Amino acid sequence: MKECIFSKLVGSQIMRIRPYRPGRPLEEVKREFGLKKVIKLASNENPLGPSAKAIQAIRDCVSQIYFYPDGSGRELKEALAQKLSLDSQNIILGNGSDEIVSMIAQVFLRRGDNAIMATPSFLMYEIDANLSQARIMSVPLKDFKIDLERMIRAVTPKTRVVFIANPNNPTGTIVKGEEVDRFVSRLPENVLVVFDEAYYEYVEAEDFPQTLDLARNHPNIIVLRTFSKIYGLAGLRIGYGVAGKEIIDILNRVRSPFNVNFLAQVAAIASLTDQEQVRRSRQLIREEKKFLYSHLRKLELFFVPTEANFILIEVGKKTKEVEYRLLEKGIIVRGMRAYDLPQFIRVSIGTREQNKEFIGELQAILSS
Ligand SMILES: Cc1ncc(COP(=O)(O)O)c(C=O)c1O
């Protein structure tokens with residue numbers, strides 16, 4: 001069979017894309033290493049799982065799955081609108097917030113346009129911008145933080161979209177309210193800024209930007225949030241975006257008709273009624289963050305203080321070996337080579353038991 005025909009046809013922009021590599025699934029690691037128990041600390045999921053109300057709502061509705069879902073997600077959008085004090089016409093639902101990132105790239109980026117993003121940051125921005133044949137302007141982090149000053153200086157007449165993960169993945173750092181206010185006031189009105197707040201609910205800092213308020217007054221802002229992280233619904237794939245009506249209307253033109261499945265909608269609606277689950281999850285991460293910090297300090301490892309539910313840790317030249325030996329012990333963490341941080345691992349914060357196991361194994365590996 002002749003090869004390379006289609007690679008040539010799709011062109012170098014597509015062929016340059018490095019496919020997104022998610023954290024390894026539990027079952028795969030169990031099979032490969034012959035393990036009974038595996039702890040997954042690789043994809044920033046909620047170790048406490050979803051709300052019991054979400055599980056019950058799914059059980060109650062599961063026999064209805066032969067119907068198509070509500071393509072407009074009306075009930076969920078109304079629940080979100082009420083919770084966030086806005087109009088449901090300001091909301092778009094996505095099959096995960098990453099689907100909304102794709103929609104944004106699809107409609108706002110054309111060949112030759114510029115998309116600005118931090119590096120390293122959430123990898124989907126680059127993949128989606130490449131798909132749209134846009135030019136990527138990567139702005140390096142400064143002290144592990146997104147450098148808004150350099151980002152604003154990177155804006156040209158060709159810039160169409162700026163992606164800002166806040167907290168940033170994989171560093172867990174934030175940009176603050178006043179920095180964001182300054183940034184937005186200097187951004188041309190025809191540049192869309194995406195504040196991706198997947199880890200918003202975990203943030204402890206008091207000066208975190210009030211982006212929903214900003215979006216009310218700036219039609220060029222979209223805020224993305226998700227049910228995958230603190231709400232513990234990652235496997236169902238559901239996230240949402242909040243923006244002015246014009247942006248939402250544009251995005252709805254490329255949204256596929258039933259992009260958010262029925263059970264995801266049902267579970268998300270039920271989850272919103274259980275803010276106790278959110279509080280408990282936030283509390284766990286706050287306590288466990290301190291536990292991990294203190295042990296990482298004892299191990300004399302550099303780490304980046306986090307506002308999210310994961311920690312970026314420098315383990316040095318042996319990163320690949322550390323990652324592999326943790327895997328052998330049934331602990332999945334994320335090596336950061338794809339993020340050009342080859343000496344680091346990113347570890348999701350787990351329960352006390354999981355964190356203890358992680359620290360114990362890490363210590364054993366590093367001292368062997
Ligand atoms: C910064 C950031 N944005 C978006 C996502 C995607 O979330 P979702 O599961 O809603 O697609 C992630 C997931 O890891 C993330 O880290």
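Residues numbered from 1 in each chain as written. Predicted model: local features only at pLDDT ≥ 70, side-chain atom pairs only at ≥ 80, totals over all residues. Heavy atoms only, no water.

> Explain the sheet that holds strand β3 (residues 114–119) here, please?
Hydrogen bonds along the backbone pair up the strands of a sheet, which may run parallel or antiparallel. Here we have seven strands laid out as an open sheet, ordered β2-β8-β7-β6-β5-β3-β4, and mixed in their pairing. The open sheet has two edge strands with one neighbour each: β2 (91–94) and β4 (135–140). With direction set aside, neighbouring strand axes in the sheet form an average angle of 20°. Pairing geometry for β2 and strand β8 (residues 239–243), over four bridges, is antiparallel. Residue pairing for β8: Leu93 is matched across the bridge by Tyr240. Contacting β5 (159–165), β6 (192–196) and β7 (221–226), helix α9 (residues 177–186) runs over the sheet at an angle of about 160° to β6. (Pairing = 2+ DSSP bridges. Helix = DSSP H or I, 4+ residues; strand = E, 2+ residues; numbered from the N terminus. Axes fitted to C-alpha atoms, helices over the stretch in contact; angles between N-to-C directions. Contact = heavy atoms within 4.5 Å.)

> Quick question: what am I supposed to make of the pattern of salt bridges here?
Pairing between side chains of opposite charge can happen when the charged atoms of each approach one another. One pass over the full model with this rule turns up 19 salt bridges. Among the ionic pairs, Arg225 bridges to Glu197, the shortest N-O distance being 2.9 Å. Of this pair, Arg225 sits in strand β7 while Glu197 sits in the loop between β6 and α10 (211–217), and the two are 28 residues apart along the sequence. The pair formed by Arg225 and Glu197 is uniform in burial state, with each residue classed as buried. Overlapping salt bridges bring together Glu149, Arg153 and Arg186 as one network. (Salt bridge = Lys/Arg side-chain N within 4 Å of Asp/Glu carboxyl O. Buried < 20%, exposed > 50% of the residue type's maximum accessible area, 1.4 Å probe, protein only.)

> Is there a simple way to think about the site of the ligand in this case?
Taken together, the residues surrounding the ligand are Gly96, Ser97, Asp98, Phe122, Asn169, Asp196, Ala198, Tyr199, Thr226, Ser228, Lys229 and Arg237. In the environment of the ligand, an oxygen atom lies 2.6 Å from a nitrogen or oxygen atom belonging to the backbone of Ser97. Interatomic distance of 2.6 Å between a side-chain N/O atom of Asp196 and a nitrogen atom of the ligand. For the ligand, the protein covers 94% of the area, taking 400 Å² as the surface of the free molecule. A molecule is said to occupy a pocket when more than half its atoms come within 2 Å of that pocket's grid points, and by this definition the ligand occupies the second largest pocket. (Near = heavy atom within 4 Å. Polar contact = N/O pair within 3.5 Å; in protein donor to acceptor, adjacent residues only side chain to side chain. Areas by Shrake-Rupley, 256 points an atom, 1.4 Å probe, with all protein chains shown as cover. 1 Å grid on protein atoms, 1.4 Å probe; cavity = no way out; pocket = protein on both sides within 12 Å on 5 of 7 lines; lining within 4 Å. Sits in = over half its atoms within 2 Å of the grid points.)

> Please clarify how unusual backbone geometry should be interpreted in this entry.
Trans peptide bonds make up most of the peptide bonds, and negative phi angles are found at most residues other than glycine. Of note, the amide linkage connecting Thr119 to Pro120 takes the cis form, showing an omega dihedral of 0°. Following the sequence through the fold, Pro120 ends up in the loop between β3 and α7 (124–131). Look at Ser85: it is not a glycine, yet its phi comes out positive at around 55°. Relative to the helices and strands, Ser85 is located in the loop between α5 (74–84) and β2. Residue Ser85 is classed as exposed on the basis of its relative accessible area, which comes to 56%. Within the chain, Phe144 stands out as a residue other than glycine whose phi angle is a positive 70°. As for its position among the elements, Phe144 is in the loop between β4 and α8 (148–153). Residue classification places Phe144 among the partly exposed residues on the basis of a relative accessible area of 26%.

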